[in-house]
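# Chains, contacts and geometry: an overview
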Amino acid sequence: MLLMVEGISHMISHLISLFVNVIASLFGKNKLSILTYHRVGSSGNAIAMNEALFEQQLLWIKRYFNPIDLTEGLALQKAGKLPPRSVAITIDDGYADSFNTIFPLLKKHQLTATFFISTAGLQEQYLWDELVAFTVINTPKRAISFNNKHYSLISIEERHHCMKSCLEEIKYCSVKKRNELIKTLLNETELTSLNNQFLTKEQVVILSDSGMGIGAHTHNHPILMSEIERDAQQEIQQSKSILEGILGKDVHYFAYPNGRYQQDFDDTHIAMVKEAGFSAAFSTDWGLLSHFNLDRFQIKRFTPWHETESRFVLSLALNYC
Ligand SMILES: [Zn+2]
């Protein structure tokens with residue numbers, strides 16, 4: 001019986017592999033898929049991926065695709081020499097799990113990734129959304145008012161609902177307005193301390209020295225289209241200089257916060273990124289890289305979330321079409 005099950009799973013694996021190879025040879029010539037992850041493992045924040053699933057996805061990438069370092073992938077794509085089924089990994093934001101959870105798993109499986117870091121987190125030890133999530137989930141109060149809305153916080157479901165609603169209310173505000181709103185929220189929740197949620201400068205150096213890529217992701221993680229031009233420019237430039245100061249070397253890549261073209265950033269911001277001296281920039285719009293010279297300042301990425309082998313692998317293979 002066991003032999004039969006093993007035989008079937010081997011056959012399914014073989015079929016998936018065949019499918020990936022056919023798709024890649026028909027449509028995938030010189031194309032680079034770039035995966036985006038955020039948080040992995042335990043976190044008060046809802047967007048964290050389960051650690052076991054992340055590791056499982058790394059194994060599927062190794063089994064069916066050709067994992068490649070981002071810098072090497074971009075260079076080979078530009079030269080027209082990218083191996084078939086190429087996949088690069090990127091991790092956005094720079095939360096503590098980037099070092100504590102993601103980095104050990106990448107090393108264990110001999111993979112590299114590029115980490116896009118919002119530098120305010122290096123100074124404050126959190127980004128605004130984690131502070132909002134933490135304070136709403138953990139406040140001792142059983143009800144709060146925020147932005148003219150009243151929230152009951154008796155059950156955990158109510159707390160999650162309140163957290164999502166507060167995050168939505170704040171997300172598209174400018175950094176200035178966002179800071180004012182968070183101040184009123186913290187007055188209301190009476191819970192303001194949040195430590196060790198983010199990478200430290202020393203950890204950024206260790207990541208870089210271990211062969212991981214480091215890219216910029218603005219300073220405060222604003223929606224660039226919500227900022228006036230001068231502030232947007234400052235956000236982009238500042239994150240680059242802070243990271244270069246820490247690493248003692250140039251930072252070449254940038255990822256737009258939230259990352260959707262025409263919704264979170266536009267051509268004005270693309271011009272700013274070029275002006276700041278970056279050599280490539282990444283959105284979160286779904287797609288891949290098929291023409292470096294045309295796409296280099298708005299390279300599309302792919303966000304994997306499937307929990308089963310066949311769905312994950314097939315959707316990543318179809319990304320080449
Ligand atoms: Zn981000």
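Residues numbered from 1 in each chain as written. Predicted model: local features only at pLDDT ≥ 70, side-chain atom pairs only at ≥ 80, totals over all residues. Heavy atoms only, no water.

Our next topic: the overall build of the protein. Helix and strand counts for the protein come out as 13 helices and 10 strands. The globule rule puts the C-alpha radius of gyration for 321 residues at 20 Å, and the 21 Å found for the protein is close to it. Per-residue burial for the protein yields a buried fraction of 51% across its 321 residues. In the protein, once contacts between residues fewer than 6 apart in sequence are set aside, the share between residues at least 24 apart is 72%. For the protein, the computed accessible surface area is about 15,100 Å², with 53% contributed by carbon and sulfur atoms. Of the side chains in the protein, 30 bear a positive and 34 a negative charge, and the two mean positions are spaced by 3 Å. (Helix = DSSP H or I, 4+ residues; strand = E, 2+ residues; numbered from the N terminus. Rg over C-alpha atoms; globule rule 2.2 N^0.38 Å. Buried < 20%, exposed > 50% of the residue type's maximum accessible area, 1.4 Å probe, protein only. Contact = heavy atoms within 4.5 Å. Areas by Shrake-Rupley, 256 points an atom, 1.4 Å probe, with all protein chains shown as cover. Lys, Arg positive; Asp, Glu negative; His and termini not counted. Charge placed at Lys NZ, Arg CZ, Asp CG, Glu CD.)

This next bit is on the coordination of the zinc ion. Six octahedrally arranged donors around a metal ideally form angles of 90 or 180 degrees; four tetrahedrally arranged donors ideally form angles of 109.5 degrees. Note on the zinc ion: its protein donors are D93 (OD), H217 (NE2) and H221 (NE2). The metal-donor distances range over 2.1 to 2.2 Å. Within one chain, the residues donating to the zinc ion are spaced in sequence as D-x123-H-x3-H. One end of the pair, D93, is in strand 3 (residues 86-93); the other, H217, is in the loop between strand 7 (213-216) and helix 10 (229-247), and 124 residues separate them in sequence. Exposure class is identical for D93 and H217. Each is buried. (Donors = N, O, S within 2.8 Å, 3.2 Å for Na, K, Ca; no water.)

What follows concerns the pairing of strand 3. Within strand 3, 8 of the 8 residues are buried, which leaves the element mostly enclosed by the surrounding structure. Pairing between strand 2 (residues 66-67) and strand 3: 2 bridges, direction parallel. Bridge assignment links N66 to a residue of strand 3, and that residue is S86. With helix 3 (residues 70-79) bridging strand 2 and its parallel neighbour strand 3, the resulting β-α-β unit is right-handed. With 4 bridges joining them, strand 3 and strand 4 (residues 114-117) adopt parallel strand pairing. In the strand pairing of strand 4, T90 is matched with T114. Crossover connection from strand 3 via helix 4 (residues 97-108) to parallel strand 4: handedness right-handed. (Pairing = 2+ DSSP bridges. Right-handed = clockwise from strand over helix to strand, strands pointing away.)

For the rest of this paragraph, the subject is the domain arrangement of the protein. Domain annotation of the protein identifies domain 1 (31-124 + 197-318) and domain 2 (128-189). Taking only C-alpha atoms into account, the centre of domain 1 sits 28 Å from that of domain 2. Taken together, the contact between domain 1 and domain 2 spans 18 residues of the former and 11 residues of the latter. Between domain 1 and domain 2, roughly 1,100 Å² of surface is buried when both sides are summed, and carbon and sulfur atoms account for 42% of that area. The residue R39 makes a salt bridge to E130 at a minimum N-O spacing of 2.5 Å. Run the count over domain 1 and domain 2 and you get 12 residue pairs in polar contact (both at pLDDT 80 or more). Here the residues of the side of domain 1 that touches domain 2 sort into 4 nonpolar, 9 polar and 5 charged. (Domains from an automatic or database assignment. Buried area = accessible area lost by both parts, 1.4 Å probe. Salt bridge = Lys/Arg side-chain N within 4 Å of Asp/Glu carboxyl O. Polar contact = N/O pair within 3.5 Å; in protein donor to acceptor, adjacent residues only side chain to side chain. Nonpolar A, V, L, I, M, F, W, Y, C, P; charged D, E, K, R; others polar.)

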